[in-house]
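For reference, the chains in residue letters:
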Amino acid sequence: MNRLIILLTTGLLTISLPALGQWYEATGQAKIRNGDIRSAKNRAMQEAVKQAMLFSGANVNSLQKVSKGLLLDDYVQIQSNGAVNQIEVVEETQRGAYVSITIRADIFAVDRECYSSDFGKKIAITQFPIQHWEDAKIGGLYGLEKAVPRQVQKMFQSGANTIYPVAWYDKKLAVNIDFEQQGRVRHQLIDAVAQNANTQFVMFGRISDVSFGEQTNSLSFWQDDQFERFFGLELIISNAITHEVLYQNQFHTSAEWTHPMKQSVNLNSRNFWDSEYGHAIERLLTDVRDDIYASLSCQQLQSKILAVRDGEQIQINIGRGQGVHVGQEYRISYRADTIDDSGNLLTNFVISPYRVRITQVYENSAIAESLDADFMSNVQVNDVIELKDWSNGW
């Protein structure tokens, strides 16, 4: 891995690596906090590079390595695995309390890190209940329970095709008990959502903090114009086929609350999302999206067999939207669960020698036929198929 350390100047910043790519232009903006212009420039540059890389479809792991280590104090630190060839600062402006930086980035394609990264993972995004309901009273933020997962869904839809989000946030779930367990979610809850949403993965969330700082207990809290407000989010992503917790993380941020204290805000308006607090939540959700991309991009693509047709074909619940196309070959795995000494169900799959080939594709489903003569005598509904890169062998 190459590492470059380059001084930051107010003129042209160029970061060069040997290779040719395509140029993308993007702008990042950040607010100057406590007079710290340098920090604002750092954050504006980070946002600009991330936007350029996301637009180009560059490798997500590269995006994280670049953005999270991009500007450290006086210098730029790039950790590149071949995604960013060159960055130029085109324009830097400061208007009022904001710094804007426009960059041009030469971004070139890199070899995929894993075969399954080419395919979209279907994830059901559930409602994110507010853990401390009383803290949402000021501003009437109760609607964040649906507004935040809706923002997450939009970010996945507008980004790379690694994640295929499915909205399932109309119903509020009681998930506090699941977030208190270490790496475990109730199997019944996972199955209920996955079956209704027709997905392999389920995202559970909990808004853990919308409180104000300690000064909210003083009289000056009601006299000042602006106050700091916190936002915390906890996430769990489970594989509905194996019931494993694949991802669990917590995110925290804070920003000035600039809305009137006795007035409810409209969470569907840009007035809220363009405010300091709304911007802070969106920046946090951008980090959430990038972190999930990196964590799930190489996750094995699996699908349950939904139906067996005429003893010759099977129907599966992944399709064009997840990157499936005619001619692909899959292997079959049989479910062989066991129970441990404590009575816990342990999900287990046995890889079979049987293969199928995709013959028809729809947006969220596909039809496959057997490549083995005795396959259909053994296949059952709810058996699992897994995408296999046959060029690499078994």
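Rules and cut-offs
Residues numbered from 1 in each chain as written. Predicted model: local features only at pLDDT ≥ 70, side-chain atom pairs only at ≥ 80, totals over all residues. Heavy atoms only, no water. Buried < 20%, exposed > 50% of the residue type's maximum accessible area, 1.4 Å probe, protein only. Helix = DSSP H or I, 4+ residues; strand = E, 2+ residues; numbered from the N terminus. Arc of directions from axis to C-beta. Contact = heavy atoms within 4.5 Å. Core = buried A, V, L, I, M, F, W, Y, C linked by side-chain atoms within 4.5 Å. pLDDT = per-residue confidence, 0-100. Axes fitted to C-alpha atoms, helices over the stretch in contact; angles between N-to-C directions. Parallel < 35°, antiparallel > 145°, perpendicular 65-115°, else oblique. Left-handed = near helix turned anticlockwise from the far one by under 90°. Nonpolar A, V, L, I, M, F, W, Y, C, P; charged D, E, K, R; others polar. Expected span 1.5 Å × (residues − 1). Pairing = 2+ DSSP bridges. Phe/Tyr/Trp six-rings, centres within 6.5 Å; stacked < 30°, edge-to-face > 60°. Lys NZ or Arg CZ within 6 Å of the ring centre and 35° of its normal. Salt bridge = Lys/Arg side-chain N within 4 Å of Asp/Glu carboxyl O.

(A) Up close: helix α5 (residues 187–197). Considered for burial, the residues of α5 that qualify are Leu189, Ile190, Val193, Ala194 and Ala197. Taken around the axis of α5, the buried residues stretch over an arc of 115 degrees, which confines them to a single face. Those residues of α5 that are exposed and angled more than 90 degrees off the buried face are Gln188, Gln195 and Asn196. Against the buried residues of α5 lie β7 (121–126), β8 (163–168), α4 (176–180), β9 (201–209) and β10 (227–239). Looking one or two places after α5, you find asparagine 198, whose phi comes out positive at around 60 degrees.

(B) Spotlight on the nonpolar core. If you look at the biggest cluster of nonpolar residues, it comprises 42 residues, and the most contacted ones within it are Leu141, Leu144, Met203, Phe231, Phe272 and Ile292. Among the elements of the structure, β7, α3 (144–158), β9, β10, β11 (245–257), α6 (270–273) and α7 (276–296) are those that each provide at least two residues to this core. Take this core: its biggest share by element is nine residues, from α7. Leaving out residues up to four positions away in the same chain, phenylalanine 231 has contacts with Leu144, Val148, Ile207, Asp209, Val210, Phe251, His252, Thr253, Tyr277, Ile281 and Leu284. Within the second largest apolar cluster, 19 residues are counted, among which are Phe119, Val324, Tyr330 and Ile332.

(C) Seen up close, the confidence of the model for the protein. Looking at the protein as a whole, its pLDDT mean stands at 78, while 77% of the residues score no less than 70. Least confident of the elements in the protein is strand β1 (residues 2–7), whose mean pLDDT is 28; most confident is β9, at 97. Across residues 1–19, where pLDDT falls below 50, the model places 58 contacts with residues more than four positions away in sequence or in other chains. Counting contacts from residues 389–394, a segment whose pLDDT is below 50, to residues more than four positions away or on other chains yields 13 contacts.

(D) Quick peek at the packing of α3 against α7. Running from N to C, α3 and α7 cross one another at 55 degrees; their axes reach a closest spacing of 10 Å. Considering the angle they form, α3 stands oblique to α7. In this structure, α3 crosses over α7, and the sense of that crossing is right-handed. When α3 is examined against α7, the residues Val148, Gln151, Val152, Met155 and Phe156 are found in contact with a partner set consisting of Glu282, Leu285, Thr286, Arg289, Ile292 and Tyr293. Here the contact of α3 with α7 is composed, by residue class, of seven nonpolar, two polar and two charged.

(E) Just α3, in detail. Between the first and last C-alpha of α3 there are 21 Å, a value that for 15 residues agrees with the 21 Å anticipated at 1.5 Å per step. At its buried positions, α3 is contacted by β7, β8, β9, β10, α6 and α7.

(F) Broad picture of the sheet that holds β8. Read from one edge of the open sheet, five strands run β8-β7-β9-β10-β11, paired in mixed fashion. Edge positions in the sheet fall to β8 and β11, since each has one partner strand and no second. Strand-to-strand twist of the sheet, defined as the mean angle between neighbouring strand axes without regard to direction, takes the value 25 degrees. Sheet topology note: the β7/β9 ladder contains three bridges and is parallel. Across the sheet, the residue bridging to isoleucine 123 is phenylalanine 201, located in β9. Along the sheet face, α7 touches β7, β8, β9, β10 and β11 and points at about 160 degrees away from the line of β11.

(G) Spatial organisation of the pairing of strand β13 (residues 313–316). Residues Ile314 and Ile316 point to one face of β13 and are all buried, whereas Gln313 and Gln315, pointing to the other face, are not buried. Note that strand β12 (residues 302–309) and β13 share four bridges and pair antiparallel. Residue pairing for β13: valine 308 is matched across the bridge by isoleucine 314.

(H) Structural context of unusual backbone geometry. Unusually for a residue other than glycine, asparagine 198 sits at a positive phi of about 60 degrees. Along the chain, asparagine 198 turns up in the loop between α5 and β9. Since its relative accessible area comes to 26%, asparagine 198 is described here as partly exposed. Even without being glycine, histidine 243 reaches a positive phi, approximately 70 degrees.

(I) Summary view of the packing of aromatic side chains. A full pass over the atoms with the stated rule returns six aromatic pairs. Judged by centre distance (6.4 Å) and plane angle (85 degrees), the ring pair of phenylalanine 212 and tryptophan 257 falls under edge-to-face. With a gap of 45 residues between them, phenylalanine 212 in the loop between β9 and β10 and tryptophan 257 in strand β11 connect regions that are remote in the sequence. Of note, arginine 104 hangs over the ring of tryptophan 23, and the distance from its end group to the ring centre comes to 4.1 Å. Between the NZ or CZ atom of arginine 229 and the centre of the ring of tyrosine 277, over which it lies, the distance is 6.0 Å.

(J) Up close: the pattern of salt bridges. Per the counting criterion, the structure on display carries 12 salt bridges. Linking glutamate 180 and arginine 206 is a salt bridge whose minimum nitrogen-to-oxygen distance equals 3.1 Å. Of this pair, glutamate 180 sits in helix α4 while arginine 206 sits in strand β9, and the two are 26 residues apart along the sequence. Since its relative accessible area comes to 3%, arginine 206 is described here as buried. A salt bridge links arginine 320 to glutamate 363; its shortest N-O distance comes to 4.0 Å.

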